[in-house]
Amino acid sequence: MEFPNEAISEGSSQKKTGRGKIEIKRIENTTNRQVTFCKRRNGLLKKAYELSVLCDAEVALVVFSSRGRLYEYANNSVRGTIDRYKKACAASTNAESVSEANTQFYQHESSKLKRQIRDIQNLNRHILGEALSSLSLKELKNLESRLEKGLSRVRSRKHETLFADIEFMQKREMELQNHNNFLRAKVCEHERAQERQADMMGGSVCESIASESYDRNFFPAAVNLIDSNSNHQYSCQDHTALQLV
């Protein structure tokens, strides 16, 4: 695509406001406005071409003149780029609508939860007997009925827990009693074993004492017997000697 290099000056009607700058406003002179349009249009088309080449971007440019003439540029196709633009806009619109719907949903849920929290807090205060002045007679009766039902359930649960604890303690008592009886039997058996061992040791001691006493009685008797025999011999000798004399 060729871009003409037109060096046509913009009309003298444009007033300079600074160095190298002009005041941006509609050019009243028709000729000057047409010249400026041609110059700026070519520059814009050239910039679009450079952008598509340098940055590998998809560019579509559509320009209509004041007389209704169409000027366009696209590195692919103007229609394809416009379709892509429509899809992108639709996706963005859908995303925004979804985000808005989610925001509304969360706001609704938040307000609902806040209301539930407030109701629960008021109910807790009413159960504790606080802030009852705002309740009507019907609401007070309903509150009384709910409290009675709740108190009945609490008492029933308390009795069940108490009975369960008593049953557990009774079972524990039986287990401890059985264990105590077992320990007593073991102690008695141990005591009987010690008594038998003591009896056996006592018998052996008695036998040793009896043997020692027997030995002590035997030796003096033997000595006495020997002494008597010797005395008897001496007397017999003396008697024989007397007879001989």
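Please refer to the structure higher up on the page.
Calculation rules
Residues numbered from 1 in each chain as written. Predicted model: local features only at pLDDT ≥ 70, side-chain atom pairs only at ≥ 80, totals over all residues. Heavy atoms only, no water. Core = buried A, V, L, I, M, F, W, Y, C linked by side-chain atoms within 4.5 Å. Buried < 20%, exposed > 50% of the residue type's maximum accessible area, 1.4 Å probe, protein only. Helix = DSSP H or I, 4+ residues; strand = E, 2+ residues; numbered from the N terminus. Contact = heavy atoms within 4.5 Å. Salt bridge = Lys/Arg side-chain N within 4 Å of Asp/Glu carboxyl O. Phe/Tyr/Trp six-rings, centres within 6.5 Å; stacked < 30°, edge-to-face > 60°. Pairing = 2+ DSSP bridges.

Looking at the nonpolar core
- If you look at the biggest cluster of nonpolar residues, it comprises 7 residues: L45, A48, V59, L61, V63, Y71 and Y73.
- Only α1 (30-55), β3 (60-64) and β4 (70-74) provide two or more residues apiece to this core.

Some words on the environment of L44
- With respect to the helices and strands, the residue L44 is situated in helix α1.
- By relative accessible area, which is 42% here, L44 ends up partly exposed.
- Residues L44 and V63, spaced 19 residues apart in sequence, show a C-alpha to C-alpha distance of 9.7 Å.
- The residues touching L44, leaving out its near neighbours within four places in the chain, are L61 and V63.

Digging into the pattern of salt bridges
- For the structure on display, the rule yields 5 salt bridges.
- Between R26 and E28 there is a salt bridge, with its nearest N and O atoms 3.3 Å apart. We note that R26, like E28, is exposed.
- A salt bridge links E167 to K171; the shortest N-O distance between them is 3.8 Å. Placement of the pair is E167 and K171 together in helix α3 (residues 137-244), with a separation of 4 residues, close to one helical turn.
- Taking relative accessible area as the criterion, E167 reaches 45% and is therefore assigned partly exposed.

Concerning the packing of aromatic side chains
- Overall, the coordinates contain 3 aromatic pairs when judged by the stated rule.
- For the ring pair Y49 and Y73, a centre distance of 6.4 Å and an interplane angle of 75° mean the geometry is edge-to-face. Here Y49, found in helix α1, pairs with Y73, found in strand β4; they are 24 residues apart in sequence, far enough to count as distant.
- Among the residues examined, Y49 registers a relative accessible area of 39% and is labelled partly exposed.
- Here Y73 falls in the buried class, since its relative accessible area comes to 10%.

With respect to the pairing of β4
- Across the two faces of β4 the burial differs, with Y71 and Y73 buried and L70, E72 and A74 not buried at all.
- Examined bridge by bridge, β3 and β4 share 5 bridges and lie antiparallel to one another. The residue bridging A60 from the neighbouring strand is A74, located in β4.
- Between the end of β3 and the start of β4, which pair antiparallel, lie 5 residues, with G68 showing a positive phi angle near 90°.

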